[in-house]
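Take a look at the letters that make up each chain.
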2 protein chains.
Amino acid sequence: MPGGPPSGPAGTGHRSLPSREFDTVERLTRSAEEPLVDGAEWSWFRAWWNERRRDDRMLARPVAFDALSTWGFDRESGDLAHDSGRYFTVTGLRVRRHGVTVRDQPILHQPETGILGFLVQERAGVLRVLVQAKAEPGNIDGPQLSPTVQATASNQARVHGGSSPPYLEYFTDPPRDAVLADSLQSEQGIWFWQKQNRNMVVEVTSSVPEHESFRWIPLARLRRLVAADHLVNMDARSILGCLPFAPAPLAGPDTRLPDNGFRAALRRSYTSLPADTDRTGGHGELRRWLTALRAATPWSARPIPLRQIDGWERSALEIVDGARRDFRITAARVHTASREVAAWGQPLLAPRGQGHCVLVVMIVEGVLRLLVRAAPEPGLRHVVEVAPSIRVPGGVDPCDHEPSAEVLAAAGASGASRTRLDTVLSEEGGRFLHADTRYQVVEVDPGSRPSDVDALPPSYRWVTVGELLTLAELGHQLTIETRTMLACLHSLW
Amino acid sequence: MPGGPPSGPAGTGHRSLPSREFDTVERLTRSAEEPLVDGAEWSWFRAWWNERRRDDRMLARPVAFDALSTWGFDRESGDLAHDSGRYFTVTGLRVRRHGVTVRDQPILHQPETGILGFLVQERAGVLRVLVQAKAEPGNIDGPQLSPTVQATASNQARVHGGSSPPYLEYFTDPPRDAVLADSLQSEQGIWFWQKQNRNMVVEVTSSVPEHESFRWIPLARLRRLVAADHLVNMDARSILGCLPFAPAPLAGPDTRLPDNGFRAALRRSYTSLPADTDRTGGHGELRRWLTALRAATPWSARPIPLRQIDGWERSALEIVDGARRDFRITAARVHTASREVAAWGQPLLAPRGQGHCVLVVMIVEGVLRLLVRAAPEPGLRHVVEVAPSIRVPGGVDPCDHEPSAEVLAAAGASGASRTRLDTVLSEEGGRFLHADTRYQVVEVDPGSRPSDVDALPPSYRWVTVGELLTLAELGHQLTIETRTMLACLHSLW
C-alpha cells in the first residue's frame with residue numbers, strides 16, 4: 001500500500017531531514033553555539049568596526065526633487081522614477097476593503113529580485129560568515145553589519161556605471177551543494193509593492209580575500225550581535241532569521257539567567273512540531289490556517305499612477321499626506337567615500353515615528369510558544385503573511401488593524417510578564433530614512449493570561465520556533481518583522 | 001541530537017505522511033480506483049447529463065459595450081468595470097523585460113479569492129463527488145461538469161441580488177477534519193492579473209440533497225471523464241489535478257493497453273520522489289530550482305489604466321490589438337434559465353485561436369518522468385510557475401517564448417513517440433469566450449531522445465508526478481495548464 005504513518009517520533013519530535021539537510025542544520029547549529037570569549041577575536045573585530053565607523057561615512061542631505069539629476073516625475077503617470085527605468089519607482093497604491101477604496105498612498109515599486117547573501121566558510125570545524133560594514137543613506141548611526149552581498153539586477157548589470165559589487169560571482173551560479181539556504185522573502189508590505197529578495201547562504205571552500213569593509217567573523221558572534229541596537233541591518237536579520245537552527249536540549253540547569261527556564265524552553269521550541277504536522281508539507285496545519293485567512297481577507301490593492309492618489313500633496317521637497325500622520329517621500333543627495341559611485345541623489349521614504357513590534361511568548365509544558373498573527377499588508381504578494389503578535393508601524397497602518405485588547409493585555413497590561421528582549425533596530429537604510437523599530441519579546445505567565453487563549457481572534461495562533469522556521473523555507477510566508485523576531489530569538493539561546 | 005536522516009525508504013520511496021494525511025491519500029486513491037462497469041450508474045448519469053444538456057441552455061449574444069447596463073468604462077482610468085466595483089475589471093497591463101517595456105495589453109483583474117470546492121461523501125467504502133452541470137456564457141458546447149461550488153466573495157455577498165449559491169455553506173467554515181484538500185491556486189497568467197482561487201475538497205457525513213443540476217457520482221467516474229472533450233470544466237480539473245493520489249504498483253501485467261508498460265510507469269511516478277528530496281519541505285531540489293528561476297526572471301509587469309495601453313484599439317464592440325493577432329475583449333448579453341439571475345451582460349475575453357499544450361513524458365527505469373518548464377506569465381504572483389513542456393496560447397504569448405528546438409524534437413519530430421492522450425478542453429467559460437486548448441501527452445523513447453537530456457535549457461526539468469503533487473499542495477507553483485495535465489494523467493491509470 002502507498003505511504004504509511006511516519007516512523008519518526010510523534011508529538012514534539014525532531015524534524016526529519018535527509019542527510020544533506022541534516023548536515024546543514026547540524027553544522028549551522030554547532031557553529032552558532034561555539035563558545036566565544038571576549039578575547040582576541042572580539043578585540044580584533046571591534047578595532048575593525050571602529051575603523052569602519054570612522055571611515056565609512058555617508059552624508060544624506062535633503063534636497064528638492066528637481067535637484068535629483070537622474071530622477072524625475074513621469075509626464076503621464078506622475079511616478080517618480082530613475083532615468084534608466086531601473087532601481088525603484090515611487091508610484092501610487094489604491095487599497096480596497098471588500099472592493100471599496102479606503103485609502104491611496106505612495107509606494108515603492110522595485111520589480112527586480114535582489115540577492116541578499118552571506119558567504120560562509122568552515123574553519124576549525126565551525127562556520128564563519130563574511131560580514132560587510134555597510135553605510136546607507138537612511139541609516140541612523142553610520143554603517144551596519146550587512147550581508148556579504150546586497151545586489152539588485154541593476155547593480156549586477158552595473159547600471160550606475162560603477163564597479164560590480166564584490167563577491168557577487170559566488171552567488172550567481174553556485175554549485176548545488178554549496179547552497180545552504182535559498183528562499184524568496186518579502187519586505188515591508190506597507191511601503192513596498194510586492195518586493196522580494198533572494199535570501200541565500202553560500203559556502204566556499206577556497207580562499208576568499210577580505211576586502212577592506214568585509215570581515216570573516218564566527219557565526220556564533222553574528223548571532224549574538226543581533227540584539228544590539230542598530231548594529232545588524234535588516235537584510236542580514238532576514239537571512240539569519242530563516243536559518244534552520246535546531247539547538248539540543250540544555251545538558252544541565254541554566255545558570256546564565258535567573259529565569260524560569262526561558263532559555264531551555266526556547267531551545268525546545270526549535271525542534272517542537274505539533275503532532276499533526278504534515279511531514280510532506282512540513283507544517284500542514286499552520287499552512288492551512290494561513291490559506292484560509294489569505295482566502296478570506298477583505299483587503300486588496302493595486303498600483304495606480306502616482307498622479308492619481310487621493311489625500312496626498314506634493315511639494316518641491318516632499319510628498320506628504322494631508323493629515324501629516326503618515327510617512328513622507330523625500331529626496332536626498334548622498335555623499336560617500338566607500339560606495340561604488342561617490343555621490344548620487346535618490347528618493348527616500350521617511351516614516352513619521354518609531355515602529356513597534358511585540359512578540360508575546362509563553363512557556364507551555366516546557367516549550368516556548370510564540371503568539372503570531374496572520375496580518376494583511378497591501379503590498380504583499382499574498383496580502384496576508386505571518387506577523388508578530390503586535391505591530392505598529394511608524395505612521396499609518398494601511399489595513400487599519402488595532403491590536404486586539406486580548407493581545408495588548410497579554411503583552412504586559414498584567415503584572416505577570418517579563419521582557420526577554422527589548423532593542424531598537426533599523427529597517428532598510430537604502431530606501432528608508434531613519435526608519436527604526438522597537439522589537440520586544442515579552443513572556444507572559446500561562447497562569448495569568450487573560451481569560452483563555454481560545455478567546456483570541458482566529459487570525460492569531462500560538463506556534464513554535466520550529467514551525468515558523470519550516471514555514472520560512474517556503475518564502476513569502478513570514479513578514480520581515482517576523483524574520484527579525486526570529487533573528488532576535490536566535491540571539492537568546 | 002536534533003533531527004536525523006529519514007528512516008523511510010530512500011530513492012523511490014513512498015511519501016511519508018502522518019496518519020490523517022495517510023488516510024486521505026489512501027481513501028482518495030482507493031475511491032479513484034473503484035472498478036466501474038457501464039451499468040446502471042452510468043446509464044443513470046447519462047440520462048441526467050442529457051437532460052441537463054437539453055435544459056441548461058445559455059445564450060451569449062454579442063453586444064456593444066454601451067449595451068452593458070451595469071458595466072462601464074471608468075472616466076479616469078478607462079477601465080471596464082461593474083458598477084458595484086465587484087466581480088472583475090478589465091484593466092491594462094504593462095509588461096517589461098529587464099526593466100524595458102515590451103508590451104501593453106488588457107488584463108482581467110479580480111482581486112477576490114473565489115472558492116472552487118467539491119463536496120465528497122463516502123458510500124459503500126468509496127468517495128462520491130457532488131458534481132454540478134454548469135453552463136457558462138463562453139462555453140463551446142453547453143454545460144460542463146463543474147465543482148459543487150464556484151463562488152466569489154461577490155457571489156457570497158449576493159451582490160447580484162440573486163440567491164446564494166447552493167452548498168456554499170459547507171465550504172465557508174468546515175470542521176478541520178472534513179477538509180481533504182485546501183490550497184490557493186493561480187489561473188492563466190497571460191489573461192488574469194494575479195487571480196487566485198481556493199481549491200477545496202470537503203467531506204460531508206450527513207445527508208445532502210441533490211439539487212436539480214447536481215449529482216453524486218463516483219470519484220472513479222469523474223477521474224475517467226477528464227479526458228473527454230469539453231466535458232470536465234477548468235475549475236474541476238484544477239481541483240482534481242492537485243489531489244494527492246498514490247496508486248499502488250500493478251499486481252500483474254497490464255493487459256489494458258498494448259503498450260510498453262506506460263500505465264505501470266505512470267503509477268510508479270506517483271510515489272517516486274528523488275533520493276535527495278527534502279522531507280521537511282517535501283520537494284527541496286525542485287523548489288530550489290524554481291526559486292533560482294523566479295529570482296532570475298527578467299520579466300515583470302504592473303497594472304496600468306486601460307486608457308494608457310499602447311497598441312490596442314477600442315471600438316464600440318471590442319478592444320483589439322492593432323495586428324489582430326491576440327485575444328479580444330468583447331461584450332455579451334447572456335440569457336439563461338438556470339442561473340441565479342435570469343439575464344445579464346458582461347465582458348468576455350476571446351482568444352484568437354486554439355491553445356496547445358504538450359507534456360513530453362519518458363519512461364526511465366520503469367518510472368514515468370514528465371518534462372516541465374519554469375515559464376513566465378506576467379500576471380502570475382511569482383511570474384514564474386511550473387508549466388507543461390510546451391504551451392502555445394490562443395493568441396500572443398506575452399513573454400514571447402518559443403518552445404526550444406530540443407523540446408519540439410522530443411515532442412514528436414522523431415518517429416519514436418506515442419501520443420498517450422489527445423483531447424480538447426475548455427478554459428473558464430465564465431470569463432473566456434470559446435477558449436479551448438488541445439492537451440497532448442506524448443511519450444518519447446529514451447533511446448531516441450535528442451542528444452542529451454542535459455542539453456535542455458535550465459528552465460526545463462524532468463520530474464515525477466509525485467514531485468508535482470507535493471509542490472501543488474503549496475499553491476501558486478503549477479500553472480492551470482499543468483494542473484489540467486495532472487488531471488489528464490489521473491485519467492490514465
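What counts, and where the lines are drawn
- Residues numbered from 1 in each chain as written.
- Chains lettered and ligands numbered in written order.
- Predicted model: local features only at pLDDT ≥ 70, side-chain atom pairs only at ≥ 80, totals over all residues.
- Heavy atoms only, no water.
- Helix = DSSP H or I, 4+ residues; strand = E, 2+ residues; numbered from the N terminus.
- Buried < 20%, exposed > 50% of the residue type's maximum accessible area, 1.4 Å probe, protein only.
- Contact = heavy atoms within 4.5 Å.
- Expected span 1.5 Å × (residues − 1).
- Arc of directions from axis to C-beta.
- Axes fitted to C-alpha atoms, helices over the stretch in contact; angles between N-to-C directions.
- Parallel < 35°, antiparallel > 145°, perpendicular 65-115°, else oblique.
- Nonpolar A, V, L, I, M, F, W, Y, C, P; charged D, E, K, R; others polar.
- Salt bridge = Lys/Arg side-chain N within 4 Å of Asp/Glu carboxyl O.
- Pairing = 2+ DSSP bridges.
- Polar contact = N/O pair within 3.5 Å; in protein donor to acceptor, adjacent residues only side chain to side chain.

Undergrad: Lay out the overall build of chain A in plain terms, naming residues and giving numbers.
TA: A count of helices and strands for chain A gives 11 helices and 25 strands. Looking at chain A as a whole, 63% of its 493 residues are labelled buried. Excluding contacts between residues fewer than 6 apart, the proportion of contacts in chain A whose partners are at least 24 apart in sequence is 74%.

Undergrad: Report on helix 2 (residues 40–55) of chain A, specifying residues and quantitative values.
TA: All names here are of chain A. Helix length check: helix 2, at 16 residues, gives a terminal C-alpha distance of 22 Å against a target of 22 Å (1.5 Å per residue), a fit within 8%. Of all the positions in helix 2, only Trp42, Phe45, Trp48, Trp49 and Arg52 are classed as buried. End-on, the buried residues of helix 2 take up no more than an arc of 130°, which puts them together on one face. Away from its buried face by more than 90 degrees, helix 2 exposes Ala40 and Arg54.

Undergrad: Which residues make up the packing of helix 6 (residues 234–241) of chain A against helix 11 (residues 480–490) of chain A, and what are the values?
TA: All names here are of chain A. Orientation of helix 6 relative to helix 11, taken along the N-to-C sense of each, is 70°, at an axis distance of 7 Å. Regarding the angle of helix 6 to helix 11, the classification is roughly perpendicular. From helix 6, Met234, Arg237, Ser238, Leu240 and Gly241 reach across to helix 11, where they touch Ile480, Arg483, Thr484, Leu486, Ala487 and His490. Considered class by class, the residues forming the contact of helix 6 with helix 11 number five nonpolar, four polar and two charged.

Undergrad: Give me the side chain of Gln308(A): which residues, what numbers.
TA: Mapped onto the elements, Gln308(A) comes out in the loop between strand 14 (299–304) and strand 15 (312–314). Assessed through its relative accessible area of 15%, Gln308(A) is described here as buried. Leaving out residues up to four positions away in the same chain, Gln308(A) has contacts with Arg94(A), Asp104(A), Glu76(B) and Pro305(B).

Undergrad: Could you give me a rundown of the pattern of salt bridges, with the residues and numbers involved?
TA: This model, assessed by the stated rule, comprises 54 salt bridges over all chains. Measuring nitrogen to oxygen at the nearest pair gives 2.8 Å for the salt bridge that ties Arg221(A) to Glu41(A). Separated by 180 residues along the polypeptide, Arg221(A) in helix 5 (residues 219–225) and Glu41(A) in helix 2 bring together distant segments of the chain. With its nearest N and O atoms 2.5 Å apart, the salt bridge here joins Glu33(B) to Arg267(B).

Undergrad: Go over the packing of helix 7 (residues 262–270) of chain A against helix 10 (residues 465–472) of chain A, please, and point to the residues and values.
TA: Residue and element names in this part refer to chain A. Interaxial distance between helix 7 and helix 10 falls to 6 Å at its minimum, and their mutual angle equals 35°. For the pair formed by helix 7 and helix 10, the contact residues are Leu266, Ser269 and Tyr270 on the first element and Val465, Gly466 and Leu469 on the second. Considering only residue class, the contact of helix 7 with helix 10 consists of four nonpolar, two polar and no charged.

Undergrad: Could you give an account of the environment of Leu243(B), with specific residues and numbers?
TA: Note that Leu243(B) resides in the loop between helix 6 (234–241) and helix 7 (262–270). Those residues in contact with Leu243(B) that lie beyond four places of it in its chain are Leu28(B), Ala181(B), Val201(B), Leu469(B) and His490(B).

Undergrad: Any details on the pairing of strand 6 (residues 114–123) of chain B? Residues and values, ideally.
TA: Residue and element names in this part refer to chain B. Taking burial as the measure, the 10 residues of strand 6 include eight buried ones, the bulk of the element. The sheet contact formed by strand 6 and strand 12 (residues 196–203) spans seven bridges and is parallel. Within strand 12, the position partnered with isoleucine 115 by the bridge is arginine 198. As judged from the three bridges shared by strand 6 and strand 9 (residues 149–151), these two strands associate in the antiparallel manner. From the neighbouring strand, isoleucine 115 faces strand 9, where its bridge partner is alanine 151. Here strand 6 pairs with strand 7 (residues 126–134) via four bridges, running antiparallel. Note on strand 7: the bridge partner recorded for glutamine 121 is arginine 128.

Undergrad: Break down helix 6 of chain B for me, citing the residues and quoting the values.
TA: All names here are of chain B. Counting buried positions over the eight residues of helix 6 gives eight, a clear majority of the element. All of the buried residues along helix 6 are Met234, Asp235, Ala236, Arg237, Ser238, Ile239, Leu240 and Gly241. The residue sitting at the N-terminus of helix 6 and contributing the capping side-chain oxygen is asparagine 233; that oxygen lies 3.2 Å from the backbone nitrogen of aspartate 235.

Undergrad: Outline the side chain of Ser426(A), listing residues and values.
TA: Residue and element names in this part refer to chain A. Checked against the element boundaries, serine 426 lands in strand 23 (residues 417–426). Its relative accessible area of 2% is what places serine 426 among the buried residues. In this structure the side chain of serine 426 is engaged in a polar contact, spanning 2.9 Å, whose partner is the side chain of glutamine 144.

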